[in-house]
Amino acid sequence: MSTIHLHQTTTLTPQQYIAGLTDFGPGRSKLFGNSADEYLKVHQQGSSQADVTEGSGGIWERLRYDWSDPNHVVLTTTDSNIWGGASGHTYTFMHQPNGTTDIDVDVVREGKNLKGHLLGFVLGTVGKGVLEKAFVNSVKAIEARNEVRNNGASVARAV
C-alpha cells in the first residue's frame, strides 16, 4: 500500500476548489486529466455526496465523494479494476489570513491484483511526480476557470 502526500497553495477558496472537484459534468477531463469523459458515470449525487465512476487509460475506480465538511473532502474507493482496500483520496483545506488556501491531499493506493500492486509501488516511489503534476494542473485549471467566471461577472456588472 502506498500513501502519497501532496500540497499546493492557491488563490482559490476551499469552496471554489470543492466546486471544481465535484463538477461531474462534461469536460471534467479539462480539470482532472486522469478523469476521461468516456469513463465518467454519476450513479448518484446529492448536495454533499456523490457516487461516481471515473478513470482513464484502462484504469477506473468507483468513488464515494463526501464534501459535507467544507474543510475536508473524502473520496473512498468502493470498486475498481486495480484498487481495493483503503484506497482513496483525502483533501484538507486551510484558509490562510493572506487570502490563500493550502490544500493537502493524501492519496492511498492499495492494489487488489498484480497490476494494482505494481502501479501502487511505482506511484509510491518514482511515480509520485506524476500525481504531483496532475494535482498542480487541476489547481491551475480550476483557478483559470474561476478567473474566467469572475471576469465575466465583472464585465456583466460593468455594462
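Just above, that's the structure.
Reading guide: rules and limits
Residues numbered from 1 in each chain as written. Predicted model: local features only at pLDDT ≥ 70, side-chain atom pairs only at ≥ 80, totals over all residues. Heavy atoms only, no water. Helix = DSSP H or I, 4+ residues; strand = E, 2+ residues; numbered from the N terminus. Buried < 20%, exposed > 50% of the residue type's maximum accessible area, 1.4 Å probe, protein only. Polar contact = N/O pair within 3.5 Å; in protein donor to acceptor, adjacent residues only side chain to side chain. Contact = heavy atoms within 4.5 Å. Pairing = 2+ DSSP bridges. Axes fitted to C-alpha atoms, helices over the stretch in contact; angles between N-to-C directions. Core = buried A, V, L, I, M, F, W, Y, C linked by side-chain atoms within 4.5 Å. 1 Å grid on protein atoms, 1.4 Å probe; cavity = no way out; pocket = protein on both sides within 12 Å on 5 of 7 lines; lining within 4 Å. Points joined across faces, edges and corners; volume = space filled by probe spheres on them. Nonpolar A, V, L, I, M, F, W, Y, C, P; charged D, E, K, R; others polar. Patch = residues over 30% accessible without salt bridge, like charges linked within 9 Å, V, L, I, M, F, W, Y side chains within 5 Å. Areas by Shrake-Rupley, 256 points an atom, 1.4 Å probe, with all protein chains shown as cover. Salt bridge = Lys/Arg side-chain N within 4 Å of Asp/Glu carboxyl O.

A. Spotlight on the side chain of aspartate 51. Relative to the elements of secondary structure, aspartate 51 occurs in strand β3 (residues 49-56). Since its relative accessible area comes to 17%, aspartate 51 is described here as buried. Only 2.5 Å separates the side chain of aspartate 51 from the side chain of arginine 62, close enough to count as a polar contact. Leave out the neighbours within four places in its chain, and aspartate 51 touches Lys41, Val42, His43, Gln44, Arg62 and Leu63.

B. A look at the sheet that holds strand β2 (residues 41-45). Strand order in this open sheet of seven strands is β1-β7-β6-β5-β4-β3-β2, and the pairing throughout is antiparallel. Edge positions in the open sheet fall to β1 (2-10) and β2, since each of these has one partner strand only. Adjacent strand axes in the sheet meet at a mean angle of 20°, parallel and antiparallel pairs treated alike. Relative to strand β7 (residues 101-109), β1 runs antiparallel, the two sharing nine bridges. Note that in β7 the partner of serine 2 across the bridge is arginine 109. The sheet contacts of helix α1 (residues 14-21) involve β4 (59-69), β5 (72-80), β6 (88-95) and β7, and relative to β6 the element is tilted by about 155°. The strands that helix α3 (residues 114-124) touches are β1, β4 and β7; relative to β1, the one it contacts most, it runs at about 45°.

C. Representation of the nonpolar core in the model. Core analysis: the biggest nonpolar cluster contains 30 residues, and Tyr17, Leu21, Tyr65, Val73, Tyr91, Ile103 and Phe135 have the highest contact counts within it. Breaking this core down by element, the ones donating at least two residues are β1, α1, β3, β4, β5, β6, β7 and α4 (128-158). With five residues, the single largest contributor to this core is α4. Non-local contacts of tyrosine 17, meaning those with residues more than four positions away in its chain, are made with Leu12, Phe32, Tyr91, Phe93, Ile103, Phe135, Ser138, Val139 and Ile142.

D. Summary view of the layout of surface pockets. Here the largest pocket defines a volume of roughly 640 Å³. Taken together, 29 residues form the lining of the largest pocket, with Asn34, Glu61, His89, Arg109 and Leu131 sitting closest to its centre. Looking at the lining of the largest pocket, the elements with two or more residues in it are β3, β4, β6, β7, α3 and α4. Classifying every residue of the lining of the largest pocket by side-chain character gives 18 nonpolar, seven polar and four charged.

E. Molecular detail of the environment of glutamine 49. You can see glutamine 49 is positioned in strand β3. Glutamine 49 sits in the partly exposed class, given a relative accessible area of 37%. It is 4.6 Å that separates the C-alpha atoms of glutamine 49 and aspartate 66, two residues lying 17 residues apart in sequence. Setting aside residues no more than four positions away along its own chain, glutamine 49 makes contact with Gln44, Tyr65, Asp66 and Trp67.

F. Fine view of a nonpolar patch on the surface. Among the surface-exposed residues, Phe121, Val122 and Val126 lie close enough to one another that they form a single nonpolar patch of about 320 Å² accessible area. Along the chain, phenylalanine 121 turns up in helix α3. Judged by relative accessible area, phenylalanine 121 falls into the exposed class, the value being 57%.

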